[in-house]
Amino acid sequence: MSDIILGIESSCDDTSAAVIRDGVLLSNVIASQDVHKAYGGVVPELASRAHELNIVPVVSEALSRAGVSASGLTAVAFTRGPGLLGSLLVGTSFAKALGLALNVPIVMVNHLQGHLLANFIRQEGVEIREPSFPYLCLLVSGGNSQIVRVDSPLSYTILGQTIDDAVGEAFDKCSKMMGLGYPGGPVIDRLAKQGDPARFKFAKPHIPGLDYSFSGVKTSLLYFVRDQLALDPEFMEKNKEDICASFQKTLIDILMDKLIKAARQTGIKDVTIGGGVSANSGLRDRLQYEGRKRGWRTFLPEFKFTTDNAAMIAIAGYFHYLAGEYAPLDVAPVSRMSDF
Ligand code: KG4
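Residues numbered from 1 in each chain as written. Predicted model: local features only at pLDDT ≥ 70, side-chain atom pairs only at ≥ 80, totals over all residues. Heavy atoms only, no water.

J.: Is there a simple way to explain the overall build of the chain in this structure?
T.: A tally of helices and strands in the chain yields nine helices and 11 strands. Against the globule reference of 20 Å for 340 residues, the chain gives a C-alpha radius of gyration of 20 Å, in line with a compact fold. If you line up the chain on its principal axes, its C-alpha atoms span 65 × 45 × 35 Å. When the 340 residues of the chain are sorted by exposure, 54% land in the buried category. Separation of charge centres in the chain, based on 33 positive and 36 negative side chains, amounts to 6 Å. (Helix = DSSP H or I, 4+ residues; strand = E, 2+ residues; numbered from the N terminus. Rg over C-alpha atoms; globule rule 2.2 N^0.38 Å. Buried < 20%, exposed > 50% of the residue type's maximum accessible area, 1.4 Å probe, protein only. Lys, Arg positive; Asp, Glu negative; His and termini not counted. Charge placed at Lys NZ, Arg CZ, Asp CG, Glu CD.)

Okay, structure coming up:
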């Protein structure tokens, strides 16, 4: 008999549901929330209200696209955290209610584990390349910047992580400072393609080990922009492509320096990236370049699996399900990684 898993993701501002059968993706539906654009960032209360509105239609659509009825589900997987508590509560409560109603197990998934396993999402008619265990994953999003050693689908170790801002926040704040809108990553990525990455220099942090810091580089940009605007009020408009290219290159240099160090220290040569920032074209190109130079095998998730999506929650949930790891019905969502 087939194992059919419904995955539910609601950790931030995307409501998503996906169905997989025996590890193969049948549907992946994502409802993004435009309501936050006017505020230049995600407003938690608005996010949880939008999840409440979206969850039933999104799940119905995912089941219908998969050609599966709710009674055909084997288990319901959901993101337990980390993320915004109000948002997580919607997905968690929905999964519990559905699991109870259908009398099937519920499976809790760490959102970050979903990103780590994005390369294992199999699709009908699409050739898959999977990394071998153990592999390294550079996990970069709006809330995290980590280097993780993944030993098996269910066991992993964080080798290094940011001690302050996440790299996605640096992209978003840079964009805000330059009046380019939210989310900043995709805009900076686009403008950077037309700019000179060597034109401006921004401060790089000196943090020991494999940890990251992105608050200094952000402040360096802030002072740079302030000083240049005092000399020429049109400086930003005239140079935005070069500023974006130079700032993006600095962030990628910081990320790659530590990833190279981690690969050298561990001797691991299978390297992946995941999380929203892994959609960045400069980072993707650079990973492949360093991989060719250093004899790594590199793995890039498809763009649709880089940002928040339930397909990665469903596949991670599938591995937990196979291991018999079910969640109790009194499980509560958690907002922070350390609470897992
Ligand atoms: O993983 P994600 O969708 O959400 C969470 O953080 O939970 O990541 C969102 C982050 C935002 O900071 C956004 O600016 C960034 O990913 N991002 C990018 C790109 N696309 C999204 N950053 C750089 N380049 C991109 N193309």
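J.: Can you help me understand the environment of Glu130 in this one?
T.: Within the secondary structure layout, Glu130 lies in the loop between strand S6 (122–123) and strand S7 (135–140). A relative accessible area of 36% places Glu130 in the partly exposed class. As a C-alpha pair, Glu130 and Thr272 span 142 residues in sequence and 9.7 Å in three-dimensional space. The residues touching Glu130, leaving out its near neighbours within four places in the chain, are Asn119, Phe120, Arg122, Arg297 and Phe299. (Contact = heavy atoms within 4.5 Å.)

J.: Help me out: how do you make sense of unusual backbone geometry in this one?
T.: Where the residue is not glycine, phi is negative for most of them; where a peptide bond is considered, it is trans in most cases. Omega for the bond connecting Gly81 with Pro82 falls within 30 degrees of zero, at -10°, which places this linkage in the cis form. With respect to the helices and strands, the residue Pro82 is situated in the loop between strand S4 (75–81) and helix H2 (85–102). Here Phe133 and Pro134 are connected by a cis peptide whose omega angle stands at -10°. Secondary-structure assignment places Pro134 in the loop between S6 and S7. At Asn103, a position not held by glycine, the phi torsion is positive, near 60°.

J.: What is the right way to look at the packing of aromatic side chains in this model?
T.: Here a ring pair, both rings aromatic, is described through the centre-centre distance and the interplanar angle of the planes. Scanning the model with the defined rule gives 12 aromatic pairs in all. Aromatic pair Phe120 and Phe133: ring centres 5.6 Å apart, planes at 5°, arrangement stacked. Highlighted residues: Phe120 in the loop between helix H3 (111–116) and S6 and Phe133 in the loop between S6 and S7, separated in sequence by 13 residues. Sitting over the face of the ring of Phe303, Arg284 holds its NZ or CZ atom 4.1 Å from the ring centroid. (Phe/Tyr/Trp six-rings, centres within 6.5 Å; stacked < 30°, edge-to-face > 60°. Lys NZ or Arg CZ within 6 Å of the ring centre and 35° of its normal.)

J.: Please clarify how the packing of helix H5 (residues 184–192) against helix H7 (residues 235–266) should be interpreted in this entry.
T.: Between two packed helices, both the angle of their axes relative to each other and the distance between the axes serve to describe the pair. Packing of H5 against H7 brings their axes to within 8 Å, and their N-to-C directions diverge by 110°. Classified by the angle their axes make, H5 and H7 are roughly perpendicular. The two elements H5 and H7 cross, and the hand of that crossing is left-handed. In this structure, H5 uses Ile188, Asp189, Leu191 and Ala192 to contact H7, whose residues at the interface are Lys240, Glu241, Cys244, Ala245 and Gln248. When grouped by side-chain class, the residues that make up the contact of H5 with H7 number five nonpolar, one polar and three charged. (Axes fitted to C-alpha atoms, helices over the stretch in contact; angles between N-to-C directions. Parallel < 35°, antiparallel > 145°, perpendicular 65-115°, else oblique. Left-handed = near helix turned anticlockwise from the far one by under 90°. Nonpolar A, V, L, I, M, F, W, Y, C, P; charged D, E, K, R; others polar.)

J.: Could you clarify how one ought to interpret the pairing of S4 in this entry?
T.: Looking down a regular strand, the side chains alternate between one sheet face and the other. When you tally the buried positions in S4, you get seven out of seven residues, the bulk of the element. In this structure, S4 lies alongside strand S5 (residues 106–110), joined through five bridges in parallel fashion. Bridged to Ala77 within S5 is Val107. Crossover handedness for the path S4 to H2 to S5: right-handed. (Pairing = 2+ DSSP bridges. Right-handed = clockwise from strand over helix to strand, strands pointing away.)

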